[in-house]
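Remarks on the overall topology
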Amino acid sequence: MELLPGNTEPKANARFYMRYAISALALIAVLFCFTKFANTMSMIAFALVLVLLTAVATPTFAYVLFATKLHDRTLLNESGFAAKYTRGKTIRIIMSFVLSVFAMASLLLSVVRWGQSEWMIVVAGAVVCPFVFMLANKIAAHEFKLAFEKTGTLVLGGFLLTAALGIASATVVANTPVLQFDSVLESYLAHENPFGESSSTLLMDAGLVATYTDTVIDCLLSQVADASWSGYVGLQVILTICSLGGFVNLLCACMMPDCVLELFLPLVDVGESEQRIQRRRPQAGLVVLAAVLVIAPVAAALWAEGKAAEIESVEGVSQGKQLVQDQIGKAVYMIDGKTYDQEAVEMALGELSGESSQLTDRVQNTLVPLINASFDKRIENIDNYLDWYYSPPADYERVLRVFTGSLEEGLKDQLTTSLTEGIDDSELNDEMQACTEQAAQLQEELKSRLADCEVSNVPDWLMKPAEFDPQRLTDIEKPIEKLMEDSQRITASVGAGALGGFVAKKVVDRIVGKKAFEKMATTLARSIGVKGASSAIGAAAGSVAPVAGNIAGAAAGTAIGIGVDFALLKADEMQNRQSYHDEIAETIEEQRAEVLAALPQPPAGE
């Protein structure tokens with residue numbers, strides 16, 4: 001749709017539309033190919049694509065700026081100093097080029113993240129663009145003076161095309177579900193760096209920053225959608241239009257290709273003759289300026305790439321990574337060579353620490369009193385054992401055990417029986433079993449919670465290691481480990497949960513190894529000889545009583561022997577009973593202290 005000064009009707013011919021179709025199709029193909037190779041693209045290739053698109057987009061920006069300058073010159077006197085020295089285009093060409101560089105760079109960073117809906121909108125925009133410009137040209141012909149008609153068509157055409165794309169994007173957005181994320185980091189990880197495998201440090205950083213920008217936008221859109229659906233659609237449409245703005249500019253350039261030639265021709269003032277306009281020729285200075293501007297982005301990109309690589313080699317991390325890490329980096333703990341989410345670990349340890357304290361409190365407030373009661377009863381039962389020990393029947397029973405079996409085993413069996421007499425440890429055993437089960441459950445919960453806190457899908461550069469105090473984990477694990485170790489010892493010794501039986505066995509085993517028990521066995525063995533002597537004395541006494549006969553003599557001898565044995569037994573009791581009692585009680589207290597020390601202890605100071 002070539003619009004020349006003085007012509008208010010479009011030359012709607014097949015040649016023009018064919019040229020537009022080829023140009024638009026070529027632009028879409030370039031953008032599509034860029035998205036396919038962006039992931040491994042080098043900096044020089046990116047710069048060349050940027051320069052190509054910038055060269056296409058600059059004339060439309062420049063044409064509008066030229067029109068503003070032309071309007072300003074209508075206020076000046078042609079013979080004046082200001083009119084003479086403001087005919088140049090250099091500053092406005094440079095301004096247009098800078099605007100185009102930013103617009104096209106934004107387009108390239110956006111196009112790599114386009115989905116199917118964006119590409120459908122792009123293709124639809126290319127199709128409706130000629131019809132939009134027909135409408136814009138009619139409006140401009142009616143609203144603008146002839147000198148500004150072409151500029152009006154360009155501006156109105158771009159505006160109407162943007163509006164059409166906005167309507168299309170609103171339709172798409174309204175039928176697309178809102179993305180929901182639990183955290184900014186989760187949203188970031190859901191996006192892929194479009195230049196993730198590029199050899200260019202600068203492109204990788206640009207991709208990281210663009211991905212972070214998308215992350216922030218997605219989180220913002222999610223919050224807006226929760227508050228207002230219409231607000232969400234409106235904001236999403238604005239963002240989509242901004243993303244497509246560069247492409248609209250390129251379509252405008254395809255619709256008005258003569259703007260490219262106008263870039264290098266002298267400025268035409270309002271009212272100049274058609275003959276003078278046709279005699280204009282490209283200015284060498286403007287051609288050189290264009291050539292320099294084309295080279296500038298490539299040189300700037302290569303210089304920036306070198307600086308980015310240099311900074312990364314010195315600091316060990318690129319500026320893009322550092323920026324993203326500062327904003328959304330994951331604080332982590334390193335525990336036993338594994339990486340854990342700091343926030344999740346803090347929450348888990350806070351809850352588990354409370355459960356561990358509850359377990360310790362239960363042990364101290366419930367289990368310990370039951371243990372103490374069991375030990376106290378055993379101390380009380382020491383006299384039961386000593387009463388048996390210093391009884392004549394027990395005395396003779398022990399003599400018989402010397403000849404029928406082990407003396408130490410006999411004493412040990414009786415000690416066990418005497419110390420456990422009248423003791424019911426069922427409540428103690430049940431409580432120990434309950435505490436052990438609670439410890440096992442807490443142990444599994446600790447493993448499970450820590451496994452849930454483990455970080456596996458976050459890149460190393462995005463992690464921010466924090467110092468972890470292992471004592472915090474030890475404080476939780478220690479009560480668990482103590483109870484589990486106690487349970488294993490009890491199970492190996494007397495059976496699962498039988499703490500009472502374990503206590504009884506350990507007490508007896510400990511007493512057997514003491515000097516008091518050894519002294520009892522030694523004294524009993526030694527008394528066997530004394531008993532033999534007492535029996536001999538009794539027999540001799542019976543033999544000197546011939547009148548009574550053999551039976552009476554034997555009875556008298558036995559009575560005398562028993563009397564001697566009883567006297568000796570009581571003499572031993574008076575001499576040793578208290579010391580035996582004290583040493584057995586001391587042994588039980590030692591075992592009590594050992595059992596209690598093996599249980600979870602309250603924190604120091606409590």
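What comes next is a walk through the structure. (Residues numbered from 1 in each chain as written. Predicted model: local features only at pLDDT ≥ 70, side-chain atom pairs only at ≥ 80, totals over all residues. Heavy atoms only, no water.)

Quick look at the nonpolar core now. Of all hydrophobic cores here, the largest spans 48 residues; its most connected members are Tyr20, Leu31, Phe34, Phe46, Leu53, Leu108 and Leu251. Among the elements of the structure, helix H1 (14-37), helix H2 (43-73), helix H4 (90-111), helix H5 (116-143), helix H6 (146-174), helix H9 (229-255) and helix H12 (284-315) are those that each provide at least two residues to this core. In terms of residue count, the dominant contributor to this core is H2 (nine residues). When near neighbours in sequence (up to four residues on either side) are disregarded, Leu108 contacts Leu31, Phe34, Phe46, Val49, Leu50 and Leu53. Counting 47 residues, the second largest nonpolar core, distinct from the first, contains Leu352, Ile382, Trp388 and Ile480. (Core = buried A, V, L, I, M, F, W, Y, C linked by side-chain atoms within 4.5 Å. Buried < 20%, exposed > 50% of the residue type's maximum accessible area, 1.4 Å probe, protein only. Helix = DSSP H or I, 4+ residues; strand = E, 2+ residues; numbered from the N terminus. Contact = heavy atoms within 4.5 Å.)

Counting through the fold element by element, Thr201 comes out in helix H8 (residues 201-227). For Thr201, a relative accessible area of 11% translates into the label buried. As a C-alpha pair, Thr201 and Gly320 span 119 residues in sequence and 8.9 Å in three-dimensional space. Not counting the four nearest positions on each side in its chain, Thr201 is found in contact with Glu305, Ala308, Ala309, Glu312 and Ser318.

This part takes up the sheet that holds strand E3 (residues 463-466). If you walk across this open sheet you meet the three strands as E2-E1-E3, and the pairing is mixed. Of all strands in the sheet, those with a lone pairing partner are strand E2 (338-341) and E3, marking the two edges. Within this sheet the neighbouring strands show an average axis-to-axis angle of 45°, counted without direction. With four bridges connecting them, strand E1 (residues 330-335) and E2 associate as antiparallel partners. (Pairing = 2+ DSSP bridges. Axes fitted to C-alpha atoms, helices over the stretch in contact; angles between N-to-C directions.)

Let's shift gears to the side chain of Ser356. You can see Ser356 is positioned in helix H14 (residues 342-380). The exposure class assigned to Ser356 is buried, which follows from its relative accessible area of 3%. Beyond its immediate stretch of four places on either side in the chain, Ser356 contacts Leu442, Asp475, Ile476 and Pro479.

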